[in-house]
2 protein chains.
Amino acid sequence: MTGESTFTIDPWGIGEHGLDLSGQARAESLFALSNGHIGLRGNLDEGEPHGLPGTYLNGVFELRPLPYAEGGYGYPESGQSVINVTNGKIIRLLVDDEPFDLRYGELRSHQRSLDFRDGLLRREAEWTSPAGRTVKVVSARLVSLTQRAIAAIDYRVSAVDGPVRIVVQSELVANEQLPTGAADPRAAAVLEAPLVSEAHQAGGTKAVLVHQTRYSELRVAAGMDHAVEGSDGFDAVAESSENQGRITVTTVLKPGEELRLVKYIAYGWSATRSLPAVRDQVEAALTAARYTGWDGLVAEQRKYLAEFWKTSDIRIEGDVELQQAVRFAMFHVLQAGARSEERAIPAKGLTGPGYDGHSFWDTEAFVLPVLTYCLPGAVKQALRWRHGTLPMARDRAAQLGLAGAVFPWRTIHGEECSGYWPAGTAAFHIGADIAAAVARYVRATADVEFEREYGLELLVETARMWRSLGHHDAAGRFRIEGVTGPDEYSAVADNNVFTNLMAQTNLRDAAEAATRHQQESAALGVDTEEAAAWRDAATAMYIPYDEKLGVHPQADGFTDHQAWDFDATPPENYPLLLHYPYFDLYRKQVVKQADLVLAMQLRGDAFTDEQKARNFAYYERLTVRDSSLSACTQAVIAAEVGQLELAYDYTAEAALMDLHDLGGNTSDGLHMASLAGACIALVQGFGGLRDHSGHLFFRPRLPSGLARLSFSMLVRESLLHLEISHARTTYSVLRGGPLRLLHEGEELVIAPGEPVSRPMAVVEPVERCAQPPGREPARRKTQAGVQIGSGAVEHLQAE
Amino acid sequence: MTGESTFTIDPWGIGEHGLDLSGQARAESLFALSNGHIGLRGNLDEGEPHGLPGTYLNGVFELRPLPYAEGGYGYPESGQSVINVTNGKIIRLLVDDEPFDLRYGELRSHQRSLDFRDGLLRREAEWTSPAGRTVKVVSARLVSLTQRAIAAIDYRVSAVDGPVRIVVQSELVANEQLPTGAADPRAAAVLEAPLVSEAHQAGGTKAVLVHQTRYSELRVAAGMDHAVEGSDGFDAVAESSENQGRITVTTVLKPGEELRLVKYIAYGWSATRSLPAVRDQVEAALTAARYTGWDGLVAEQRKYLAEFWKTSDIRIEGDVELQQAVRFAMFHVLQAGARSEERAIPAKGLTGPGYDGHSFWDTEAFVLPVLTYCLPGAVKQALRWRHGTLPMARDRAAQLGLAGAVFPWRTIHGEECSGYWPAGTAAFHIGADIAAAVARYVRATADVEFEREYGLELLVETARMWRSLGHHDAAGRFRIEGVTGPDEYSAVADNNVFTNLMAQTNLRDAAEAATRHQQESAALGVDTEEAAAWRDAATAMYIPYDEKLGVHPQADGFTDHQAWDFDATPPENYPLLLHYPYFDLYRKQVVKQADLVLAMQLRGDAFTDEQKARNFAYYERLTVRDSSLSACTQAVIAAEVGQLELAYDYTAEAALMDLHDLGGNTSDGLHMASLAGACIALVQGFGGLRDHSGHLFFRPRLPSGLARLSFSMLVRESLLHLEISHARTTYSVLRGGPLRLLHEGEELVIAPGEPVSRPMAVVEPVERCAQPPGREPARRKTQAGVQIGSGAVEHLQAE
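A few points on the structure.

All chains considered together, the criterion is met by 119 salt bridges over all chains. A salt bridge links A:E653 to A:R625, with the shortest nitrogen-to-oxygen separation between them at 2.8 Å. A residue pair is termed long-range when its members are at least 10 positions apart, and A:E653 in helix α17 (residues 644-656) and A:R625 in the loop between α15 (609-620) and α16 (631-640) qualify at 28 residues. On the accessibility criterion, A:E653 (8% relative accessible area) is buried. Connected through salt bridges with shared partners, the residues A:D473, A:R477, A:R479, A:E481, A:D556 and B:D560 form a single ionic network.

Here it is as structure tokens:
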């Protein structure tokens, strides 16, 4: 059975038949469970074989030195890496003294499935040991969305063909050996065994291990407790040592008999609390979980998700594969953000160690725009995390000679961890991305209290940064120079259009918020002169434009640069950054990811329709999408300029990034921003949503491959619902008060129970833009959405 | 006596009275002896106390890893560091069993002097041991300019106040312990004991040690032999071990009696030759040196230097301090280049470990222009070294996706060792600097054979690089983008004027050389189309100009950048790079070192006189001279635009960089380019020499502080001499055939024995330009050149 596996296409889950050991790491990412606080990769219950074992706690990292061949003032000296904490999901099984290991004996059947409606990862395996004894293992795993510190496993083993002696070892394992791979041997050394034992105890069916990280000094406690049911009695023994806790259960099963073990796992960590406090917190969580019981936890999970899908589901007719992908995307975005609670949402969520577990602008620019309209509480928590890092961001600004706050390009805890400043510190736009997320959240929720207590300060400190970073030239234009925009194939350029437009919004939003909250802004030292200086800078903001070509250069001089020689670039030389030096990429017209095109999405008001079409066509020819943060943006603007089939292809690429492993690195963890981007592509691309001003604006369009698109949005506690077909769009308010919106420029007021329909606008067919040779959007294996997977609806559990 | 020292001002040497232990490292650099192959820092004979022990062999380095926090394609993985090789200059002395150590007992007198006419470092010390016995030590040291592998020490010790038992231990010491300081512990570990013993032997008065470097695998042999003379007989014992060779000489001296020991030291190294071959080479050199004898070596040295000064002396009347400084400068430039012979001339020569012993563009842009007219053979050797690195430079170009050759920004062996590409690899101008040095050498010497065999290929491969690095824009202009010019406070900019003008010359010179050597250029694959493409690119070269300001921007957009806030920059924040991040420096108008101003020196033909004056004034306000490679260039252009007193101040700053330790880092080694720059400031500044076209052009000017300036130049085997006073300039040819030159635009033909005089041009007084506050040229302690040191002419040896 091992050696191959097939994934099913199911609108409400992903299923795997068989087991492909070479693709294990990828499957572990796809099957990862998380609540934003705890993350468990989809490793097999028995621990091995594995692609990459992974158990993560949001915010638990180790420090490591950042080395430089030639250092410089302001270079961060210390990096932060997410660590694999104590693994609590291991349940080893001995069958007549032979380990249940799928690499040996005969695997008769193996199926796994992840259900988006109950959040359970289920597994069924039938296996014959090398000695010829057959057992069946059925397990289900969850990371609780309702009990933040808790994960649980329902593990059942039954004898199939004869009496069999069963030994189950349920474990906590700290400092697991990881596959090596770090390029810097010093960094690898630091991360090899990051946990130093502080305490361990075991008794009954329970064990707890407490460790501390060596350099970052974070205290981590992991505990487990068990409920065991056997047909015919069993023995249980508890043991613990520095890096291991173990409960061993032994029994003999006759054919058809089953041993069932429910494992409750709890985690707690703290940088400040004492050992007893953290240990007690874990034991209390275990007690609560045991009290709730497995069925109770499953019921809570199901209820939580039902409510989530009510506000968040995006339904598609005509493309089952895309339907599955977008729900997969929403499910994982939920898992990343649900309970992170004043911690960062990392670029990979808690699904793998990619990017060292760091958070980037991805969160504010891609993930939060989705969560804003379906799980606004998570957005508030994520922005409160940013707010909590303001002291570090102010220190960084001071170090860089700037006013206000400079947020880190990449971090776990809040300090800048980027070791290459032209593509790190110089990407100042992250400040405006955060400010935009604040403004969007406040507009969507009318959460005045948040704005007053947290949002205002974020807006003020970022506006101060922009005012000190830019300057007025002799002609009175406000210029921002020597910065890096989203496109990482350019760096340290002058007047990046995206950056300047986002800074403009940031400055204006800060001035407006200061006006709304005069007492609080005065407490932050803002006076009317300062707010006026922000408004002036915003008004005078310089936006370069190439009159000869009739397009916006991405930054000053960009359109004068030499064109990249795409014809001389063989397919195996992508991604370019692994085959060409930065110096060559930076000085030529080649774009890694949407930059000017993203500016047109987020600041559509700054461009005419004709400029949008010309700019889009110009940058399509240059954009290679070596970043996963591009297809969704290109989808949105392709749809806006009327290239609906191209938009459809980009949407699918964004949505299938991980399911089809298009970047080849899903094994390191899922691309949260691309997953969120798939939702953005649908809602902003085909739904035509724009939310950069005070009101929601829709301009729905559908590609031929989609028969129908519907989605809901939480707006100021009302639930707006859109039903888009090729004939018409119907707006309804499913709960809450009436909502005002703009449809194709027409103002509509949608009252509860009174849906409003408008016919689909007639769109002139537009010639499809060309991409660099070989860099067209990834095509799906079978053509045209409707056929894909329509007969393949299949699910492990009938529901 | 220790604790203070004074340096004498002497036109032909530097003398030191007393001994300042805290300033020892600086004095060791000033007193360093070298022939370009062997370099000995001016450490005390007895080895300790020292500032920084140093013995260097040109080309002997160790490899060390270059670490990156975030790596990138094309980043060099391995660095090269000069190493302290086997120290052969140690002669320890025991006085009645107490070590002669100046930190203990009483130092009654201590004097050292370096004489530029015989190249000897002399020392006299009278010391009373803690037990009360007084001895006198008189030593002299040389590194032979005629016998390349040889250094020698004449060491004499005599009893002053009573019979004394003397033990002299003359040593070879490998893997000396060095003061720590390397920031990267891994690099420090690699360099801690870089030599692995291969063989050692001792017998009679001779010892030889052979080692190999651990990673770079270079074989290094060091040997010593001795001639001993004692009044009353002596014993000598020879010993050796892995890291030590020792000859011990014992005697008893009565008052007035002397023990004299002449130590001959020889070095050899090779990357390819066998152990016996390298050892034999060293022993042969020792035999030859003993045969020549101390007096013979001194006589050869004196003769070599007499010939050198005949062609190279720059005489100044009216400023003894500057006179001393410029001869100090010429002497050290000679020492760095004399016998380097197909090896690089490092930025610090062989005077210290600064910059890891690397060579930069300094060599071709500052050192070779001086040597071209006084020691052209050394220029030929230095350029043959560059030629020998062409295979590595071609590989580097291929790695970077360019044609031709990309020379390393910093290297010892030829591979790029720069770990920060924006200020390393991106400084492509080094290719044009090399090409300009080739063209200058060929023009000055008419060495057609060199041009054919070496120069042509250097010109062709650099021209190919420029042609592939640049591109034509839509308007037909040839642009070079994303490169870094000389000013390291800007980086990765478009159309740096210096770079574009130097590339223009490079392209033209290559095309012309290809025309002159058609057969050889065809063999290099150059056809008429390729040469035409070079000419076209040169003709179409884009030189940005700011019409509104009437100045040349250093690069595209520079004059639009925000002005650096000099008023808010306290004096202790210089050099700026240690107190401000690169991102801030790069995006603002602040200049580390002459860039556009250097372009005006090297490509004066590309600017009108009015542009020169305006540009100079503009950049003076922005230039902070945080580099030692700036004052000389500013001196030259200050003189050209008529600001003679400012030029005088800059000349003195360049000349006194090391003697007055203006950069605070003379302890790491001397600034060869600034020393050469002092000569350039005088010859090109006040002599008004320009040599960027086929003929020599002079426009002499003198500041009020100088009564007279005279210098000679070897031009096509003729010796041209200029005598410049405030009244007139007299040109004469001292040997060789007649020379044609331009004086203030007037063509003169100077025949041997027929001097030609022209009156000094009348210069309109020009207002002195302003510099950033606090960044005016370093003022000398006493004002006005004439007074300085005029009564201080003093010399340890009466001559």
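All names here are of chain A. Under the counting rule described, the total for this entry stands at zero disulfides over all chains. In this model C632 remains outside any disulfide bridge; the closest cysteine sulfur is found in C679, 9.9 Å from its own. With no disulfide partner, C679 has as its closest neighbouring cysteine sulfur the one in C374, 7.8 Å distant.

This brings us to the interface of chain A and chain B. Taken together, the 43 residues of chain A in the interface contact 43 residues of chain B. Carbon and sulfur atoms make up 55% of the surface buried where chain A meets chain B, a total of about 3,700 Å² over both sides. Taken as a group, A:Y73, A:F583 and A:R587 account for 18% of the area that chain A buries against chain B, more than any other trio of residues on that side. The tally of links between chain A and chain B comes to four salt bridges. Of the charged contacts, one joins B:R410 and A:E70 as a salt bridge, the two residues approaching to 3.7 Å between their closest N and O atoms. For the pair chain A and chain B, the number of links is 14 residue pairs in polar contact (both at pLDDT 80 or more). Going through the elements one at a time, α2 (185-192), α9 (448-469) and α13 (582-586) of chain A are the ones with two or more residues in the side of chain A that touches chain B.

In an α-helix, one turn spans 3.6 residues; hence positions three or four apart end up facing the same way. Over its 20 residues, helix α10 (residues 497-516) of chain A runs 28 Å from end to end, which matches the ideal 28 Å to within 8%, given 1.5 Å per residue. The buried fraction of α10(A) is high, at 16 of 20 residues.

All told, the structure shown has 46 aromatic pairs over all chains when counted by the stated rule. Seen in terms of ring centroids, A:Y582 and A:Y586 are 5.4 Å apart; in terms of plane orientation they differ by 25°. Their pairing is stacked. With A:Y582 and A:Y586 both in helix α13 and four residues apart, this pair spans about one turn of that helix. Exposure class is identical for A:Y582 and A:Y586. Each is buried. Aromatic side chains B:F100 and B:W127 sit 5.1 Å apart centroid to centroid with 85° between the ring planes, which places their arrangement in the edge-to-face category. With a gap of 27 residues between them, B:F100 in the loop between β9 (98-99) and β10 (106-115) and B:W127 in strand β11 (residues 121-128) connect regions that are remote in the sequence. Exposure class is identical for B:F100 and B:W127. Each is buried. The rings of A:Y68, A:Y75, A:W421, B:Y420, B:Y582 and B:Y586 are connected pair by pair, giving a single aromatic cluster. Looking at B:R621, its charged tip hangs above the ring of B:Y618, at a distance of 5.1 Å from the centre.

What follows concerns the packing of α10(A) against helix α12 (residues 528-539) of chain A. Residues and elements named next belong to chain A. Direction vectors running N to C along α10 and α12 enclose 150°, while the axes themselves pass 8 Å from each other. The pairing of α10 with α12 is recorded here as roughly antiparallel in orientation. For the pair α10 and α12, the crossing hand works out as left-handed. Facing Q504, L507, R508, A510, A511, E512 and T515 of α10, the residues of α12 in contact are A531, W534, R535, A537, A538 and T539. A breakdown of the residues in the contact of α10 with α12 according to their chemical character gives seven nonpolar, three polar and three charged.

On to the sheet that holds strand β20 (residues 258-270) of chain A, then. Residues and elements named next belong to chain A. Strand order in the open sheet formed by ten strands is β1-β2-β10-β11-β12-β13-β20-β17-β16-β15, and the pairing between neighbours is antiparallel. Sheet topology places β1 (4-7) and β15 (195-203) at the edges, where each strand pairs with a single neighbour. The mean inter-strand angle of the sheet, taken between neighbouring strand axes irrespective of direction, is 15°. Where strand β13 (residues 150-159) meets β20, nine bridges bridge the pair, whose relative direction is antiparallel. Residue A151 lies in a different strand from β20, and its bridge partner there is I265. Most of the contacts of helix α3 (residues 275-312) go to β20, to which it runs at about 135°, and overall it touches β11 (121-128), β12 (134-143), β13, β15, β16 (206-213), β17 (219-230) and β20.

Let us look at the relation of the copies chain A and chain B. If you rotate chain A by 180° and push it 0.0 Å along the axis, it lands on chain B with an RMSD of 0.0 Å. Taken together, these values place the two copies in the relation of a two-fold axis. Identified as the residue of chain A closest to the rotation axis by C-alpha distance is A:Y68, at 2.4 Å. Interface residue correspondence from chain A to chain B reaches 100%, placing this contact among same-surface, isologous pairings.

Our focus in this paragraph is the packing of α15(A) against α16(A). Residue and element names in this part refer to chain A. Here α15 crosses α16 at 140°, and the two axes come no closer than 10 Å. Taken together, the axes of α15 and α16 lie oblique to each other. In this structure, α15 meets α16 at a crossing whose hand is left-handed. Taking contact as the criterion, the partners of K612, F616 and E620 in α15 are, on α16, Q634, I637, A638 and E640. Residue classes in the contact of α15 with α16 are distributed as three nonpolar, one polar and three charged.

Each value, and the rule that gives it
Residues numbered from 1 in each chain as written. Chains lettered and ligands numbered in written order. Predicted model: local features only at pLDDT ≥ 70, side-chain atom pairs only at ≥ 80, totals over all residues. Heavy atoms only, no water. Salt bridge = Lys/Arg side-chain N within 4 Å of Asp/Glu carboxyl O. Helix = DSSP H or I, 4+ residues; strand = E, 2+ residues; numbered from the N terminus. Buried < 20%, exposed > 50% of the residue type's maximum accessible area, 1.4 Å probe, protein only. Disulfide = S-S within 2.5 Å. Contact = heavy atoms within 4.5 Å. Buried area = accessible area lost by both parts, 1.4 Å probe. Polar contact = N/O pair within 3.5 Å; in protein donor to acceptor, adjacent residues only side chain to side chain. Expected span 1.5 Å × (residues − 1). Phe/Tyr/Trp six-rings, centres within 6.5 Å; stacked < 30°, edge-to-face > 60°. Lys NZ or Arg CZ within 6 Å of the ring centre and 35° of its normal. Axes fitted to C-alpha atoms, helices over the stretch in contact; angles between N-to-C directions. Parallel < 35°, antiparallel > 145°, perpendicular 65-115°, else oblique. Left-handed = near helix turned anticlockwise from the far one by under 90°. Nonpolar A, V, L, I, M, F, W, Y, C, P; charged D, E, K, R; others polar. Pairing = 2+ DSSP bridges. Least-squares fit on C-alpha atoms with pLDDT ≥ 70 in both.

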